[in-house]
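Residue strings, one per chain:
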Amino acid sequence: MIELIDVHKSFGKKQVLRGVNLRIPAGECLVILGRSGAGKSVLLKHIVGLIQPDRGRVIVEGVDINRIPESKLYKIRKNIGFVFQGSALFDSMSVFDNVALPLVEEGLLDESEIRRRVMEVLELVELQEALNLMPSELSGGMRKRVAIARALVAQPKYVLYDEPTTDIDPITSERINDLIIELNTDVGVTSVVVTHDIHSTLRIADRIVLLSGGIIKVDVKREHVWEVDDPEFQEFIKVFKMLKNIE
Ligand SMILES: Nc1ncnc2c1ncn2[C@@H]1O[C@H](COP(=O)(O)OP(=O)(O)OP(=O)(O)O)[C@@H](O)[C@H]1O
Ligand SMILES: [Mg+2]
């Protein structure tokens, strides 16, 4: 389980998070909605300790990750895959090497086992043909899928996806949605997905929260989305509500 308790974060005078309280139980697929600049990426980075809160706590499996030595944080991070918004691939490394990196750094597996695992996740994202390409030779959607493969390669218990389907064609997006659902339901991966993509949200989410004004303003189970009367939340789902009514 992941828990954020009263998390505050400012950059200079800009208050981004003003007391975020969020509990993410194991096995859940949680979607975080919010406008650009609302602090969604900042929130995700708190969960892996890439950003420390000014106030409040971030608890992962019972451990306050900001009160432990770096070596212990490293162990906790190994359980968490992170798909960065901009993919964050290493430009000087091939697709294969980018994806293999978490396993190579871990140093526990031999070369053939690493190769097997890398090919397995590349197949999941349908990029097994691209293993020798360099990031500069990839489309945006391919880069994103490489980033997803890299996040999955060490078989994490938690995967945090920062806009996994943004700028991706609807067919590839749907495959990514399927993959997120599959990992969540078949493998039991706890998923936290930041997105603007409402179609994707409605397909994958067990629960949806809206980050606004630095706090969690709406927190709702998937089956109750149509009942939320918050105007900003309604704005997000508006088009889909119309489509639903047409059906
Ligand atoms: N390292 C940083 N230093 C200073 N300001 C930052 C830093 N990271 C984020 N911010 C600021 O925090 C605010 C929230 O940024 P964040 O990237 O979390 O937004 P977001 O909700 O992910 O938006 P988007 O949907 O556009 O990705 C922005 O105003 C941004 O400028
Ligand atoms: Mg962001």
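Keep in mind that what you see is a predicted model, and the values were worked out from it rather than measured.

The next thing to look at is the environment of Val239. Note that Val239 resides in helix α8 (residues 231-246). For the pair Val239 and His199, spaced 40 residues apart in sequence, the C-alpha separation works out to 9.9 Å.

Right, let's get into the packing of helix α3 (residues 95-106) against helix α5 (residues 140-152). It is at 7 Å that the axes of α3 and α5 come closest, and there the two elements cross at 30°. The angle between α3 and α5 places the two elements in the roughly parallel class. In this structure, α3 meets α5 at a crossing whose hand is right-handed. Residues Val95, Asn98, Val99, Leu101 and Pro102 of α3 pack against Val146, Ala149 and Arg150 of α5. In terms of residue class, the contact of α3 with α5 is built from six nonpolar, one polar and one charged.

Read across the sheet, four strands follow the order β2-β1-β4-β5 without closing on themselves; strand pairing throughout is antiparallel. Strand pairing shows two members of the sheet lacking a second neighbour, β2 (14-24) and β5 (63-64), which therefore form its edges. Pairing of strand β1 (residues 2-11) with strand β4 (residues 55-60) involves five bridges; the strand directions are antiparallel. If you follow Leu4 over to β4, its bridge partner there is Val58.

Turning to helix α4 (residues 111-124), a few remarks are in order. Side chains three or four residues apart in an α-helix point the same way, a direct result of the helix having 3.6 residues per turn. Spanning 14 residues, α4 covers 20 Å between terminal C-alpha atoms, matching the ideal 20 Å at 1.5 Å per step. Looking only at α4, the buried set comprises Val118, Val121 and Leu122. Down the axis of α4, the buried side of the element spans an arc of 105°, and every buried residue falls inside it. Facing away from the buried side of α4 by over 90 degrees, the exposed positions are Ser112, Glu113, Arg116 and Glu123.

Before going further, it helps to examine the site of ligand 1. Around ligand 1 lies a shell formed by Phe11, Lys14, Val16, Gly34, Ser36, Gly37, Ala38, Gly39, Lys40, Ser41, Val42 and Gln85. Counting only elements with at least two residues in the shell around ligand 1, the list comes to β2 and α1 (40-47). The leading source of residues in the shell around ligand 1 is α1, at three residues. Here the shell around ligand 1 is built from residues that sort into four nonpolar, six polar and two charged.

The next point concerns the pairing of strand β3 (residues 29-33). Among the five residues in β3, five count as buried, and that is most of the element. Neither face of β3 is open: one carries Cys29, Val31 and Leu33, the other Leu30 and Ile32, and all of them are buried. Sheet topology places β3 next to strand β8 (residues 190-194); four bridges connect them, and they run parallel. Bridge pairing in β8 links Ile32 to Val194.

Reading the values: rules and limits
- Residues numbered from 1 in each chain as written.
- Chains lettered and ligands numbered in written order.
- Predicted model: local features only at pLDDT ≥ 70, side-chain atom pairs only at ≥ 80, totals over all residues.
- Helix = DSSP H or I, 4+ residues; strand = E, 2+ residues; numbered from the N terminus.
- Axes fitted to C-alpha atoms, helices over the stretch in contact; angles between N-to-C directions.
- Parallel < 35°, antiparallel > 145°, perpendicular 65-115°, else oblique.
- Left-handed = near helix turned anticlockwise from the far one by under 90°.
- Contact = placed C-beta atoms within 7 Å.
- Nonpolar A, V, L, I, M, F, W, Y, C, P; charged D, E, K, R; others polar.
- Pairing = 2+ DSSP bridges.
- Expected span 1.5 Å × (residues − 1).
- Buried ≥ 20, exposed ≤ 12 C-beta atoms within 10 Å, placed from the backbone.
- Arc of directions from axis to C-beta.
- Near = placed C-beta within 6 Å.

In short, the description is geometric, and any link to function would need to be established separately.
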